[in-house]
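Each chain, written out:
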Amino acid sequence: MKYETRVTALVVLPVGQPTFSEMATTVEIADEAAGEFVEVKQRGRIDIGKIQINPEEWPALRDAIDRLIAECRSEPVVKNNE
């Protein structure tokens, strides 16, 4: 069986901040069995259904979203016997 390594999540945060920072935004490829899509979430903001974007954060966040959108697969890849 062959294996691959995929980057499926990126964290955008101020330089020097830990990944669990309230300022961290996670951009992730998700899949609920109907094809991949990109999900954006922030710690402490999960329960209210919105994210807050600082204008200084936008270029890095946009780049992360664009990068993962390009990595999304339109159909699940299922290969047997490899």
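Just so you know, these numbers come straight off a predicted model, no measurement behind them.

### Overview of the nonpolar core
Ranked by size, the top nonpolar core spans 8 residues in total: Leu10, Val12, Val27, Ile29, Val38, Leu61, Ala64 and Leu68. Elements represented by at least two residues in this core include exactly strand S1 (9–12), strand S2 (25–31) and helix H1 (58–71). Here this core takes 3 residues from H1, the largest share from any one element. Not counting residues within four places of it along the chain, the set of residues in contact with Val27 comprises Thr8, Ala9, Leu10, Val38, Glu39, Val40, Leu61, Ala64, Ile65 and Leu68.

### As for the environment of Asp63
Counting through the fold element by element, Asp63 comes out in helix H1. On the accessibility criterion, Asp63 (48% relative accessible area) is partly exposed. With 51 residues separating them in the primary sequence, Asp63 and Val12 have C-alpha atoms 9.7 Å apart.

### So, the sheet that holds strand S3 (residues 36–42)
What the 3 strands build is an open sheet, ordered S1-S2-S3; its pairing is antiparallel. Both outer strands of the open sheet, S1 and S3, are each paired with one neighbouring strand and no more. Looking at each pair of strands side by side, their axes are set apart by 20° on average, direction ignored. Pairing of S1 with S2 involves 4 bridges; the strand directions are antiparallel. Residue pairing for S2: Val12 is matched across the bridge by Thr25. Packed on one face of the sheet, H1 meets S1, S2 and S3 and runs near 15° to S2.

Criteria and cut-off values
- Numbering of residues starts from 1 in every chain and runs along the sequence as written.
- pLDDT decides what is reported in this predicted model: residues at 70 or higher carry local features, side-chain atom pairs at 80 or more are listed and counted, and totals for whole chains, interfaces and linings draw on all residues regardless.
- Side-chain figures throughout are based on the complete set of non-hydrogen atoms in the structure, without hydrogens or water.
- To define a nonpolar core, start from buried Ala, Val, Leu, Ile, Met, Phe, Trp, Tyr and Cys residues and group those joined through side-chain atoms within 4.5 Å.
- When a residue's accessible area, from a 1.4 Å probe over protein chains only, is under 20% of the maximum for its type it is buried; when over 50% it is exposed; and in between it is partly exposed.
- Secondary structure elements follow DSSP: runs of H or I of four or more residues count as helices, runs of E of two or more count as strands, with numbering from the N terminus.
- Contacts were defined at the residue level, with two residues in contact if any of their heavy atoms lie within 4.5 Å.
- Whether two strands pair comes down to DSSP finding at least two bridges between them.
- All axes here are fitted lines through C-alpha atoms, helices being fitted over the stretch that makes contact, and every angle between N-to-C directions spans 0 to 180 degrees.

Honestly, that's just the spatial picture; any functional story needs more than this.
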